[in-house]
Structure formats: structure tokens, C-alpha cells
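Analysis of the macromolecular model
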Amino acid sequence: MTTVRSAKVKGAMAEYDTWESLKGIYPNILLTKQLGFQMQYDLVDHGSKTVFEVKRLKSMSWNQALQFYRKLASVSLKYYAPYLIFKSNNQPALVMYEFEGRMIVAEFQTVFNVPFIKHISTRSKIEN
């Protein structure tokens, strides 16, 4: 029997996957929901002054991604670098960011030099 997952659940899973993938290079990265309140971005690392918004959609157009990125840039903390990380069905995780006034979209592994991995669910049972 297969379980149909809601968009909200898929989005939350994508946030945890991104958090797990980035922990090695951003050791102080936090899910904003872990702070006890929701920000207008999903992950933050105060040490590196970086914020991340994570989107998991069936598909995403350039205009849609740009809209999400601009909103993130407008709400991110002053002097913090914003990154939009998004994943569509059966596609690699992509990252949108600005570099020297140009919008860049590249694969997650190319930008961060680490693979995009799935987090280990706390609900899965460990068998001996």
C-alpha cells in the first residue's frame, strides 16, 4: 500500500534533507522551526551569515524561482547571503543565488561540493 504525501509533508522533508546535506559545511545551521518560531526562510546559519529557503514542487518555472528568491532576499537578515534551494520531481536539487549581480542556478553538489542526501527519519526503526 502506498501513502500519498501532502505538499506540506514533502516540503518539510525537503527542509530536513537540505539541513542534513549542509550540516557538514555549516555546522551551526538551524531549521528555523527548531528555534520555536517560523521565519520567512527555512534554514539559517548565523556563523556564516547565510539563509536558505527550500522549495519542493512538482515543477518550477524560472519566473517562479526568481519570485521566491527575490522574496527571500527581501526578508533575509541584513548582510546575510540568501540561497533558494529547490527540487522538482525526478530532478536534482538546484540552487539559485546571486553572484556579482548575476543570477546563478546550479546543481546543489556543484555549489556546495557535497551531495544532496536524504535525512534519516526518526520514525524508522533500527534493526540489529
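Scroll up for the structure.
I will try to describe carefully the structure that is included in this document.

Each value, and the rule that gives it
Residues numbered from 1 in each chain as written. Predicted model: local features only at pLDDT ≥ 70, side-chain atom pairs only at ≥ 80, totals over all residues. Heavy atoms only, no water. Helix = DSSP H or I, 4+ residues; strand = E, 2+ residues; numbered from the N terminus. Buried < 20%, exposed > 50% of the residue type's maximum accessible area, 1.4 Å probe, protein only. Salt bridge = Lys/Arg side-chain N within 4 Å of Asp/Glu carboxyl O. Lys, Arg positive; Asp, Glu negative; His and termini not counted. Polar contact = N/O pair within 3.5 Å; in protein donor to acceptor, adjacent residues only side chain to side chain.

The phi angle at Lys49 is positive, at roughly 55°, despite the residue not being glycine. Of note, Lys49 is situated in the loop between strand E2 (43-45) and strand E3 (50-57). Of the residues examined, Lys49 reaches a relative accessible area of 41% and is grouped as partly exposed. For Asn90, which is not glycine, the phi torsion reads 55° and is therefore positive.

With that settled, consider the pattern of salt bridges. Under the defined criterion, the tally for this structure stands at two salt bridges. Among the ionic pairs, Glu20 bridges to Lys23, the shortest N-O distance being 3.5 Å. Looking at Glu20, the relative accessible area reads 25%, which means it is partly exposed.

For Asp42, the location among the structural elements is in the loop between strand E1 (30-31) and E2. Summary of buried charges: Asp42 has no salt-bridge partner, and the nearest side chain of opposite charge, Lys55, is 5.9 Å away. A polar contact is formed between the side chain of Asp42 and the backbone nitrogen of Val54, at a distance of 2.8 Å.

Everything listed here is a matter of geometry and, on its own, says nothing about what the molecule does.
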